[in-house]
2 protein chains.
Amino acid sequence: MRTTRVRLAQAQINVTVGDIKGNIERILEYVGYAQRAGADMVVFPELAVCGYPPEDLLFREDFLRDSSRAVKEIGARSVGIIVVVGFPERDRKGNIYNAAAVLAKGKTLDVYRKKHLPNYGVFDEKRYFVPGEGTTLYHYGKALIGINICEDIWAPDGPFVEQSNKGGGLIINISASPYHAGKTLERESLIRKKAAKEGVYVSYTNLVGGQDELVFDGGSFVAGPGSRILSYAGAFRERLLVTEIEVPNVPSEKRTNKDKARYVELPFLPRDARSKERPGKVKRLLGPAEIYEALTLGIRDYTRKNGFSQAVLGLSGGIDSSLTAAIAADALGAENVYGVWMPSRYSSEVTEENAVRTAAGLGINFMTLSIEALYGLYLSVLDKYFLGLKMDTTEENLQARIRGTLLMAISNKFGRILLSTSNKSETAVGYCTLYGDMAGGFAPLKDVPKTMVYSLAEYRDTRSGKIFPRGVFKVAPTAELKHGQKDEDTLPAYHILDKMIKEYVECRKTRPGKGEFSETVRKVIAMIDRNEYKRRQGPPGIKITPLAFGRDRRLPITNRYRSL
Amino acid sequence: MRTTRVRLAQAQINVTVGDIKGNIERILEYVGYAQRAGADMVVFPELAVCGYPPEDLLFREDFLRDSSRAVKEIGARSVGIIVVVGFPERDRKGNIYNAAAVLAKGKTLDVYRKKHLPNYGVFDEKRYFVPGEGTTLYHYGKALIGINICEDIWAPDGPFVEQSNKGGGLIINISASPYHAGKTLERESLIRKKAAKEGVYVSYTNLVGGQDELVFDGGSFVAGPGSRILSYAGAFRERLLVTEIEVPNVPSEKRTNKDKARYVELPFLPRDARSKERPGKVKRLLGPAEIYEALTLGIRDYTRKNGFSQAVLGLSGGIDSSLTAAIAADALGAENVYGVWMPSRYSSEVTEENAVRTAAGLGINFMTLSIEALYGLYLSVLDKYFLGLKMDTTEENLQARIRGTLLMAISNKFGRILLSTSNKSETAVGYCTLYGDMAGGFAPLKDVPKTMVYSLAEYRDTRSGKIFPRGVFKVAPTAELKHGQKDEDTLPAYHILDKMIKEYVECRKTRPGKGEFSETVRKVIAMIDRNEYKRRQGPPGIKITPLAFGRDRRLPITNRYRSL
């Protein structure tokens, strides 16, 4: 026999940060599934025991202690199967490692420590962890297996290459890699190339689920040496993916301790040949479908994991609130979503009809609360100080804040999370009101540019019959905070604006859209720079681009840097 | 002659992040002062050219290019004097260093690169910088001088020790070290001991000024080998501190290149003996006086550097808003501060009198805006949905949000920054309303516990005659959002609460105040944990404790970890 067969189960699970008890249960549930599926080994994502990213919880002794105890508890149940699970490990000196426990025979056989700690983008791992050292390989039958964690597989001369070079025929990577549009496929194609280059099998197991601003997309798979994908778990849902892998054996003289690697023996139970079943085909998500699912999972998990079951939002009859309502309905059930139409003297019949028909189309709850009387009263209360001064954005903000206050009252009274409907284009240039339309517990579209809002609404509309009235797509974007107002009176057209935002924010170009738009560019950049203070007080939202506002892009509020 | 005399000027300056042009001007101004004072060398703080912390501005090519150009420009003016100034340096490979330029003879003589990069607490330097390597010493006359940056002096076997061991007689450290209560003295006493232990002179030059949530306190000094402080620049203000230091000469055989250090020759201009003048005594600030000055500088700089000259705040007649008004008046001038009294049916005569008399005592502007009619109207608008439901915190939040909306209208209309008056105790347990009393551009007391609010008000009161009416101190803390409400109805007494917050938040004890308070402890910890979402949307405020909410303490909002 020239290969050793590994029946490998990958548990793409959705855990909750800090819910160690709940996470243990979930992990043991999947260990059970894997056993019933006849797996030799089951693999869980990075830091699955405590959730990712735990941030400063890692500075708590009780949190680390509880995480270690969880590993012992899972270990005690790891009999007749090998379990690989991510957890934060503290050594006797007090150093903390991002680690993978290798459990079998009812105990911990070994612990692998992550060597490459990402400290860029949304990651701060050097704040917490000490990097691991050395190279470890695991004997399984006559084959060698390497285990590593997330970034370890991306580092050019990192553990992935070391383990492959030392005879590892199957490399197991456990990850907690957050989503952005297209990343599921990007990752897969990169690892496919790596597997082909080193001539090894790679098992890539990623976390799934929403955590604050991040969505982990899952998309776990096994890649083979011939640039082939053996199996794929799909994105945005939990899944146990079982794959039979024929790992090439390594000649016994190569399985010795001559080089500087550590070798650890895993229990090997030769079994009868098992089913030749192949995991069923999973439909891949592309373009708007993928993003839509990411947003749905993001809303669902933020809401559920923070103890809410219902949501409320303002329906303006525009595209942003219509799309937000649709995603919320898909995430939480239409009966759990409350849309509020809050007209003023500046509201049009078209937008009212849009709001009413959107709510009806989605089957969500609908209510009307006019802000007209409140707006009038505020103006008269403030009149003695404003006397003689012209109307300006103050009065526009006032209307937005009345709406925010009404929505928060409903949120507070009924325990429904308020969803803010601001999109990335508005958030970028500050075309939104702090404590007004920015108010909310969560802002699902925070990282979705306006042009993509349209694509997502079209996608939703074609997916299951027309839901949105055509007026939603046709009405020119407007905040309806004064007569005849159009967004494009003060902003460039959205297809131009979104391009600039992408270049300046996401691509970090310092002078986007050279040449012809120079005056507009100057204005847009100034708006983006100036509005950092607003973004800092906005609710969290789901990252779906390679560079979102928030942890990805850390700028001082007090910042006089102007390059143009 | 057994010593080489260095007339050293330390420029404790207040720069603005990103304002490279303005910072160059400020630096050159101080180079001029130093020249007129006959200094041989003038030293500026860490990253003085671009301000600290520049955060992701460091990912901008134009920002790095402009910073390098700034160093050239300052270099060209460094004639007849040696200038040491902090800047971000990029090498040809694209690595970025936290560096100190050594300028003389009209050019850059050398660049020192920081070796120890803090990546804890409020610091993220490993996100940006690559650590420097090797040891450098500078020949000055027959003495050797070492230069290092901030953390380099604290690392146990770091550059400070290396440079001292290799004959450095004067070690120059440039820092950007943020303030917390008592830190000025702490730092001084630690460096004093280090100087004594190594038998060297240490020049410690720190930045001064506010930057978002941080205040840099300055407090620059020169420590001598006998544990002696030769000179001290004082805290919270700009200052050029000039000190004559007799640095012991190093025998020529020890000034060679035998060991692995680099040696760089600085221009030495032997001059006549100069004045024996000693820098004048500077009064040291202690306790509440120190904190009060930190807060004043923090408000002044946040306001000024973000383009505001006036502030508005709600005056409730309580201690928090009274103190905030006082600090704002001291920071911006009483004529630039607007206090607004916004009574409702729940407001008492005592609090009204407190508000009126506080405003009068401080000489700030005062206005009254009743929220009563607005509150009534909101209740009637919401009535059709709330019908039959009992009053709860919804109605309390509503009042707070009406006040927030009125204050924001005044802020928007007149371009005055709104100061939120929430203190650390309230912020910790969420005893404050999002978009209500939490609304504002800046929250000066965000990191000041309630008990310290009283001490600071007492301090302000005794400093310049009674200003606050006694009622401000006597009235039991209350939000006045319902009849007969007292904070202590739902919270433990503040002296107990503040102790718990200190232990749980600042000291990271997982089980504060053991034993007798266990039920209360459980409740308080749950409140602190649960309210992360509120804090995340609050305005920035000044860090004055060793561990403030914000960048110091990074916790997920979605977090089910409960240790108790």
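Residues numbered from 1 in each chain as written. Chains lettered and ligands numbered in written order. Predicted model: local features only at pLDDT ≥ 70, side-chain atom pairs only at ≥ 80, totals over all residues.

S.K.: Before we go on, may I ask you to explain the interface of chain A and chain B in this structure?
M.R.: Opposite the 63 residues of chain A that make contact, chain B presents 64 residues. Secondary structure elements with two or more residues in the side of chain A that touches chain B: helix H2 (61-76), helix H5 (287-305), helix H8 (372-386) and helix H9 (393-414) of chain A. When grouped by side-chain class, the residues that make up the side of chain A that touches chain B number 30 nonpolar, 17 polar and 16 charged. (Contact = placed C-beta atoms within 7 Å. Helix = DSSP H or I, 4+ residues; strand = E, 2+ residues; numbered from the N terminus. Nonpolar A, V, L, I, M, F, W, Y, C, P; charged D, E, K, R; others polar.)

S.K.: Honestly, helix H11 (residues 450-463) of chain A in this entry has me stumped. Any pointers?
M.R.: Along an α-helix, residues three or four apart share an orientation, since each turn contains 3.6 residues. All names here are of chain A. Taking 1.5 Å per residue as the helical rise, H11 with its 14 residues ought to reach 20 Å, and the 20 Å between its terminal C-alpha atoms agrees with that figure. Within H11, the full set of buried residues consists of Lys450, Met452, Val453, Leu456, Ala457 and Arg460. Looking straight down H11, one finds that the buried residues subtend no more than 150° of arc, so they occupy a single side. Residues of H11 that are buried make contact with H5, helix H6 (319-332), helix H10 (424-429) and helix H14 (494-506). Where H11 terminates, the next one or two residues include glycine 465, which has phi positive at roughly 75°. (Expected span 1.5 Å × (residues − 1). Buried ≥ 20, exposed ≤ 12 C-beta atoms within 10 Å, placed from the backbone. Arc of directions from axis to C-beta.)

S.K.: Looking at this model, I keep getting lost on the domain arrangement of chain A. Mind explaining?
M.R.: It is common to give the size of an interface as the accessible area that goes away when the parts come together. All names here are of chain A. We note that the domain assignment places domain 1 (3-275) and domain 2 (288-480) within chain A. Each of domain 1 and domain 2 was reduced to a C-alpha centroid, and the two centroids are 41 Å apart. Here the residues of the side of domain 1 that touches domain 2 are counted per class, giving five nonpolar, three polar and one charged. (Domains from an automatic or database assignment.)

S.K.: Would you mind showing me how to read the relation of the copies chain A and chain B here?
M.R.: What relates the pair of chain copies is a rotation about an axis plus a shift along that axis. Overlaying chain A with chain B gives an RMSD of 0.0 Å, the required rotation being 180° about an axis along which the chain moves by 0.0 Å. What the rotation and shift describe, once combined, is the action of a two-fold rotation axis. When C-alpha positions in chain A are compared against the rotation axis, the closest is assigned to A:Gln537, at 2.2 Å. Most of the interface of chain A is mirrored in chain B: 100% of its interface residues are interface residues there too. (Least-squares fit on C-alpha atoms with pLDDT ≥ 70 in both.)

S.K.: Please clarify how the sheet that holds strand E17 (residues 337-341) of chain A should be interpreted in this entry.
M.R.: Residues and elements named next belong to chain A. Across the sheet, which stays open at both edges, the four strands sit in the order E18-E17-E16-E19 with parallel pairing between neighbours. Unpaired on one side and paired on the other, strand E18 (365-368) and strand E19 (417-418) mark the two borders of the sheet. For E17 and E18, the ladder comprises four bridges, and the chain directions are parallel. Paired with glycine 339 across the strands is phenylalanine 366, a residue of E18. Strands in contact with H9 are strand E16 (311-314), E17 and E19; relative to E16, the strand with the most contacts, it is inclined by about 165°. (Pairing = 2+ DSSP bridges. Axes fitted to C-alpha atoms, helices over the stretch in contact; angles between N-to-C directions.)

S.K.: Would you mind showing me how to read the sheet that holds strand E3 (residues 82-90) of chain A here?
M.R.: Within a sheet, each strand pairs with its neighbour through backbone hydrogen bonds, oriented either parallel or antiparallel. Residue and element names in this part refer to chain A. Strand order in the open sheet formed by six strands is E5-E4-E3-E2-E1-E14, and the pairing between neighbours is mixed. Because the sheet does not close on itself, it has two edges, and the strands there are strand E5 (107-113) and strand E14 (239-248). Taking each pair of neighbouring strands and ignoring which way they run, the sheet shows an average axis angle of 30°. Strand direction decides the pairing type here: strand E2 (residues 41-43) and E3, joined by three bridges, are parallel. Within E3, the residue paired with valine 42 across the bridge is valine 83.

S.K.: How should the environment of B:Asp498 be read in this particular structure?
M.R.: Residues and elements named next belong to chain B. Take aspartate 498: it is sitting in helix H14 (residues 494-506). Assessed through the 20 C-beta atoms surrounding it within 10 Å, aspartate 498 is described here as buried. Here the alpha-carbon distance between aspartate 498 and leucine 456, two residues 42 residues apart in the chain, equals 15 Å. If we skip the residues at most four places from it in the chain, aspartate 498 touches Ser425, Pro449, Lys450 and Thr451.

S.K.: Sorry if this is basic, but what is going on with H2(A) here?
M.R.: Residues and elements named next belong to chain A. An ideal rise of 1.5 Å per residue puts 22 Å on 16 residues; H2 measures up with 23 Å between its terminal C-alpha atoms. For H2, the complete set of buried residues consists of Phe63, Leu64, Ser67, Ala70, Val71, Ile74 and Gly75. Down the axis, H2 shows its buried residues gathered within 135° of arc, on one side only. Opposite its buried face, H2 presents the exposed residues Lys72 and Ala76, each directed more than 90 degrees away.

S.K.: Where do I start with the environment of A:Lys21 in this structure?
M.R.: Structurally, A:Lys21 can be placed in helix H1 (residues 20-36). For A:Lys21 and A:Cys507, which are 486 residues apart along the polypeptide, the C-alpha to C-alpha distance reads 41 Å.

S.K.: Would you take a moment to explain unusual backbone geometry for this structure?
M.R.: Most peptide bonds take the trans configuration, and most residues that are not glycine carry a negative phi. Residues and elements named next belong to chain A. For the bond running from tyrosine 52 to proline 53, omega is -10°, close enough to zero to count as cis. Mapped onto the secondary structure, proline 53 falls in the loop between E2 and H2. Positive phi, normally seen in glycine, also occurs at cysteine 150, with a value near 40°. Mapped onto the elements of the fold, cysteine 150 is located in the loop between strand E7 (143-149) and helix H3 (159-165). Cysteine 150 gets classed as buried once you count the C-beta atoms within 10 Å, which come to 26.

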